[in-house]
Every structure is written in structure tokens, then in C-alpha cells.
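Residue strings, one per chain:
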Amino acid sequence: MEVSNHGRKRKAIDAGNNSPPAYRGSDGYEPNAVDLSLLEELEKSSHHQVEAVDLKTLKKLVLSFERRLRDNIAARLKYVENPEKFADSEVDLHDELQKLKILAGAPELYPELVASNTIPSIVNLLSHENADIANDVVQLLQDLTDEDALEDNDDPARVLVDALVENNVLELLVQNMNRLSEADQDEATAIYATLTVIENLVEVKPAVAETVCERTKLLRWLLLKIKVRDFEGIKQYASEILAILLQNSTANQKRLGQMNGVDAVLEGVAMYKSKDPKTPDEEEMLENLFDCLCCLLMPLENKERFVNAEGVELMIIIMKQKKYAYGSAIRALDFAMTNYPPACERFVDVMGLKTAFAAFMGKIPLNKRIKRERYKEELEERVISLVASLFVITGHKSGRAGVVIGHD
């Protein structure tokens, strides 16, 4: 059974709404009016500054980074009580981490990077006392694991990801993220970058989805974010990462169910039982939450939790309101009722068939913002599957088939 009605490909997400306004000088100058010839000259000069990335360059970068790292460690040990004394060494270390980003342009060299044994040094900096250094590492890892950088380089990518995971990058990423505040713009950017790195690692090696949930408290962190009442970018991305982690992992579905994840996701979708999302990003977040719910409804024990949490009743309420989540509610009911008699019986007992019958007869409310061509056909298929579950599960019980028909 397919969980999602939309692609899992993520759009770029802003870290917030605090971006500076476009510059306008006192003389009325606007950046859009810049002389294009100046831009061309700048582009040409920048090309001359780009260093070719080969094995020799890699070794040079690694040696320079390791040297600056040793200097920083020594300075911190020597001047524990006087941060000003080791400030310069941290600026130098920051610069070296920025230089390493050039390696993203040569992913074929990743096995050599791993062989240089510098991955442990890079990863361990995620626990650096200076959060800025740790966040520099997050940005570096984001560049190195970026989908565009890894295109057509599957084997080198797996070598890098294996080395990162073996050196506890997942644990350190989540630990570092826990000390960051979304109220600070730079730290909010680092939170996004951390989630992006985790998403990239899962893309290269799907088994990382279960590993990160086994070794860290990422699931609990994500649950806290999706329970926030107000919509924000972090909540949207958290819902997407959660859906990715649940998509193909029965272990993660069961693990989240044991953490009251069914209740948490139901709380998230309940906010839209009588209102529509206000923006496309908010719509995407709501669809992510329903993707999470449908994934959670695969294990039998989570179906029971769904029924006990009155999830059937909530989905029927959403359908009655005929808002944006109408189709998603039918999809969730289909997952809940497939091969699970208690959900079917609850659906009949609360007069659910009466609500679903309009859709069964083709009277499906169409939201003008939903532009998927097969939206109506998909819903009809879901409703047919839902009704089939009712007859398969209840039909063999004495009198129950008659009750189903009688409720119509």
C-alpha cells in the first residue's frame, strides 16, 4: 500500500523570515541596476582563483587542517582561563574548515579523504566547545553530502557515509543540534543544515534511517517540533524528516508508536480539522503529517493505538468539514481499517459510512489549490478500498454486514 500521494523530494527551506532587505543606497542605487560587464569581469577573476581539486590538493588541505586543529587544541589547553589567547587559533580553524568545502567538487576523492584518517578529526569537532566551530562542521558535511555533489558517484558516497557513521556522526549531530536555539538566526540555519545532512545520509544509505533512531533521541526531538501549534519552517522540515524516517522502516514505526507518536501526530493534524492551511508550505507540512500517520498505521499495535486515541472519530470529523485534509483523512482511514476489525467496527459504530458515502457516490469536494490530476480518482480508489475492508472484516460476523448496509 502506497503511503504518500506526493514526492519525497524536498524543496529548499529558509531558516526564517529574518533575511535582510534588499540594499538601496541613499542615492537611490539598486543592486538590480549593476553594470553586467562588471559582473562578467568578477566572474572571470573568480574562476582564476578556483584551485583544481586533485589528490595533491586533498593532501595539502588535510595536512593544513590537522595542523590548525592541533594548534587550537594546544592553545585551549594552555590558556584555559583566557579565551582571548586562543581566539586566533579558532579563526584559523574556521578558515581551514571553509577550505575543505572545495572537496565537494571532487566526490571521486572521498575514498582518499577517508583513507587520510581525517574523518574522525572532522566529526569530533561537532562537540567543540565553540558552537560556531561545530556549526562550521555541519555546513561542511552538508556540502560534502549534497545530492548534486554526489550525483553519479554512488560508491565514493557510500565510502564517505560509512566512515561518518562509524565515527558517530549521527550521535554528535543530534547532540550538537540540542544545544542550538531557533531564536538565533545562525543557529536556526545550523539546525536546518543538520537535518539536511541526516536526510542526505539516508538518501545514500537507507539503513541510516533506523541507525539514527536507534542511537539518538532524534525521534523525540522531531515529535516536539511537530507538536508546536504555530506553523513555522522548522516544524515543516521536522515533519518531512519524520516521514522519511518512517517511510520504509517497520522498526521506526513501532518505536515511534511506543513513544506516543500516534497521539502526537493526531494532535498535529487535529489543528486542521476545521481550517485550511494558509500557504503551500503549510499544505506540504500537513501532507507530511498524514504521511507519518499512514506509516504509523502499518504495524498492528499502532492501529490499536489509533482506535484508542479516537483517531477514527477525528478522521470522520475532518471529512465532514470538507476542508483541505478531506482526502488525507480518507487515506488514513484506509490504512487504519485494512486487516484490522476493531477499526472497521468503530467506523460503523460512529456512523462513518454515512460520511464516506458521499465520496463513494462521487461527490468529492475539490479544493481549488489541489492540482493533482488524479486527485478524485485516487480518493475514489481509497473509498472503495475502505468499503471493501468493511465487508471483508464485518461480513463474516453474524449481523454485522446487515448493520453496515443498514447505516447507509
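Cut-offs used in this document
- Residues numbered from 1 in each chain as written.
- Predicted model: local features only at pLDDT ≥ 70, side-chain atom pairs only at ≥ 80, totals over all residues.
- Heavy atoms only, no water.
- Helix = DSSP H or I, 4+ residues; strand = E, 2+ residues; numbered from the N terminus.
- Areas by Shrake-Rupley, 256 points an atom, 1.4 Å probe, with all protein chains shown as cover.
- Buried < 20%, exposed > 50% of the residue type's maximum accessible area, 1.4 Å probe, protein only.
- Core = buried A, V, L, I, M, F, W, Y, C linked by side-chain atoms within 4.5 Å.
- Contact = heavy atoms within 4.5 Å.
- Polar contact = N/O pair within 3.5 Å; in protein donor to acceptor, adjacent residues only side chain to side chain.
- Lys, Arg positive; Asp, Glu negative; His and termini not counted.
- Salt bridge = Lys/Arg side-chain N within 4 Å of Asp/Glu carboxyl O.
- Phe/Tyr/Trp six-rings, centres within 6.5 Å; stacked < 30°, edge-to-face > 60°.
- Lys NZ or Arg CZ within 6 Å of the ring centre and 35° of its normal.
- Expected span 1.5 Å × (residues − 1).
- Patch = residues over 30% accessible without salt bridge, like charges linked within 9 Å, V, L, I, M, F, W, Y side chains within 5 Å.
- Charge placed at Lys NZ, Arg CZ, Asp CG, Glu CD.

Brief notes about the overall build of the chain
- Each helix and strand in the chain was counted, giving 23 helices and zero strands.
- When the accessible surface of the chain is split by element, carbon and sulfur atoms take 49% of a total near 20,800 Å².

Focus on unusual backbone geometry
- Unlike most non-glycine residues, Asn 117 shows phi in positive territory, near 65°.
- Within the secondary structure, Asn 117 sits in the loop between helix H4 (110-115) and helix H5 (119-124).
- Judged by relative accessible area, Asn 117 falls into the exposed class, the value being 54%.
- The backbone phi angle of Asp 152 is positive, close to 65°, even though this residue is not glycine.

What about the nonpolar core?
- In terms of nonpolar packing, the biggest core is built from 118 residues, with Leu 218, Leu 245, Met 315 and Phe 347 touching the most fellow members.
- No other element matches the ten residues that helix H10 (residues 185-204) contributes to this core.
- Those residues in contact with Leu 245 that lie beyond four places of it in its chain are Val 202, Ala 209, Val 212, Cys 213, Leu 218, Leu 219, Leu 222 and Asn 252.

A word on the environment of Arg 179
- Position of Arg 179 relative to the elements: it lies in the loop between helix H9 (169-178) and H10.
- Judged by relative accessible area, Arg 179 falls into the partly exposed class, the value being 36%.
- Here the alpha-carbon distance between Arg 179 and Ile 191, two residues twelve residues apart in the chain, equals 9.9 Å.
- Here the side chain of Arg 179 touches Asn 176 through a polar contact of 2.8 Å, side chain to side chain.

What about the side chain of Lys 303?
- Mapped onto the elements of the fold, Lys 303 is located in helix H17 (residues 300-308).
- Despite being buried, Lys 303 has no salt bridge partner; Asp 334 is the closest side chain of opposite charge, sitting 8.3 Å away.
- If we ignore the near neighbours within four places in the chain, the residues touching Lys 303 are Leu 297, Met 298, Phe 335, Ala 336, Thr 338 and Tyr 340.

Quick look at the packing of aromatic side chains
- All chains considered together, the criterion is met by one aromatic pair.
- Ring plane angle 20° and centroid distance 6.1 Å describe the contact between Tyr 192 and Tyr 237, whose orientation is recorded as stacked. Taken together, the residues span a long stretch of sequence, with Tyr 192 in helix H10 and Tyr 237 in helix H13 (residues 233-247) at a distance of 45 residues.
- The residue whose ring lies beneath Lys 275 is Tyr 272, and the NZ or CZ to ring-centre distance is 5.3 Å.

As for the pattern of salt bridges
- Counting across every chain of the model gives eleven salt bridges.
- Residue Asp 92 is joined to Arg 68 by a salt bridge in which the shortest nitrogen-to-oxygen separation is 3.6 Å. Of this pair, Asp 92 sits in helix H3 (residues 83-100) while Arg 68 sits in helix H2 (residues 55-78); the two residues are 24 residues apart in sequence, bridging distant segments of the chain.
- Given a relative accessible area of 31%, Arg 68 falls into the partly exposed group.
- We note a salt bridge from Glu 90 to Arg 76, for which the minimum N-O separation is 2.5 Å. Here Arg 76 lies in helix H2 and Glu 90 lies in helix H3, a separation of 14 residues in the sequence. One exposure class covers both Glu 90 and Arg 76, and it is buried.

Regarding helix H6 (residues 131-144)
- Look at H6: 20 Å from first C-alpha to last across 14 residues, which is about the 20 Å you get at 1.5 Å a residue.
- Three or more residues of H6 are buried, namely Ile 133, Ala 134, Asn 135, Asp 136, Val 137, Val 138, Leu 140, Leu 141 and Leu 144.
- Measuring from the side-chain oxygen of the N-cap residue of H6 to the backbone nitrogen of Asp 132 gives 2.9 Å; that N-cap residue is Asn 130.

A closer look at a negative patch on the surface
- Taken together, the side chains of Asp 146, Asp 148, Glu 151, Asp 152 and Asp 154 make up a negatively charged region of the molecular surface.
- Checked against the element boundaries, Asp 152 lands in the loop between helix H7 (147-150) and helix H8 (154-166).

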